[in-house]
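# Remarks on the overall topology
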Amino acid sequence: MFMENCIFCKIINQEIPSYKVYEDEKVYAFLDITQVTKGHTLVIPKKHVSDVFEYDEELATDVFTRIPKIARALEAAFPEMQGLNIVNNNREVAYQTVFHSHVHLIPRYGKEDDFSMHFGKHMDDYTPEEMVAIADQIKAQVN
């Protein structure tokens, strides 16, 4: 499935150049042009889906089983790499800017490599009973 105005679909179809690092029949991986850190790679399904909410089990398997293989390739290519962030943004409020699902593999070279994430701590905002209610609300929707 191809979307005419999608930059990632155009990259897959080689209408726009990319720095490919991996390709098979289901997945395409290439360097992110921003290179947040050296080796910053995007892994995308060849099938156009906007975000993870459109994945079925087969597509999830196709994409997410390739992640460790590409992560190990990054580690082998850059032995100075100290870690790896795997980031998947879904929808605009979650910082998604290209609406063809993609997973960022961001090599980490140290605390001063110009990449950061912040996880606020709000555990004191919820009682144990509220945590149970939240968990139950989610459990009830898992199919």
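Keep in mind that what you see is a predicted model, and the values were worked out from it rather than measured. (Residues numbered from 1 in each chain as written. Predicted model: local features only at pLDDT ≥ 70, side-chain atom pairs only at ≥ 80, totals over all residues. Heavy atoms only, no water.)

Turning our eyes to something else, we now look at the nonpolar core. Grouped together as the largest cluster of nonpolar side chains are 16 residues, with contacts concentrated most on V43, V63, I70, V103 and L105. Listed by contribution, the elements that provide at least two residues to this core are β2 (27-31), α2 (57-64), α3 (67-77) and β5 (103-108). At 3 residues, the largest contribution of residues to this core is made by α3. Those residues in contact with L105, other than ones at most four positions away along the chain, are G39, H40, T41, V43, I67, I70, A71, L74, L84, N85 and I86. Residues C6, F30, L42 and I44 belong to the second largest nonpolar core, which totals 9 residues. (Core = buried A, V, L, I, M, F, W, Y, C linked by side-chain atoms within 4.5 Å. Buried < 20%, exposed > 50% of the residue type's maximum accessible area, 1.4 Å probe, protein only. Helix = DSSP H or I, 4+ residues; strand = E, 2+ residues; numbered from the N terminus. Contact = heavy atoms within 4.5 Å.)

Here we take up the sheet that holds β2. As summarised here, the arrangement of the 5 strands in space is β1-β2-β3-β5-β4, forming an open sheet in which the pairing is antiparallel. Edge strands, defined here as strands with exactly one partner in the open sheet, are β1 (20-23) and β4 (83-87). With strand direction ignored, the average angle separating the axes of adjacent strands in the sheet is 20 degrees. Direction of pairing for β2 relative to strand β3 (residues 41-45): antiparallel, over a ladder of 5 bridges. By the bridge assignment for β3, Y28 is matched with I44. Together, β2, β3 and β5 form the strand contacts of α2, whose direction differs from that of β3 by roughly 150 degrees. The strands touched by α3 within the sheet are β1, β2, β3, β4 and β5, with β5 carrying the most contacts at an inclination of about 25 degrees. (Pairing = 2+ DSSP bridges. Axes fitted to C-alpha atoms, helices over the stretch in contact; angles between N-to-C directions.)

Before going further, it helps to examine the pairing of β3. For a regular strand, side chains alternate in direction, first toward one face of the sheet and then toward the other. Counting buried positions along β3 gives 5 out of 5 residues, so the element sits mostly inside the fold. Where β3 and β5 come together, 3 bridges link them in antiparallel fashion. Residue pairing across strands places L42 opposite H104, the latter belonging to β5.

The next point concerns α3. Among all positions in α3, only I67, I70, A71 and L74 are buried. Each buried residue of α3 sits inside an arc of 105 degrees when the element is viewed along its axis, so together they form one side. Residues of α3 that are exposed and angled more than 90 degrees away from the buried face: R72 and A76. Looking at the buried residues of α3, the elements they touch are β1, β2, β3, α2, β4 and β5. (Arc of directions from axis to C-beta.)

Moving on to α2. Buried within α2 we find L59, D62 and V63. The buried residues of α2 occupy one face: seen down the axis, they fall within an arc of 90 degrees. Among the structural elements, β2, β3, α3 and β5 are those in contact with the buried residues of α2. The backbone nitrogen of E58 lies 3.3 Å from a side-chain oxygen of the residue at the head of α2, namely D56. (Polar contact = N/O pair within 3.5 Å; in protein donor to acceptor, adjacent residues only side chain to side chain.)

So, to be careful, I would describe these as geometric facts and stop short of saying anything about function.
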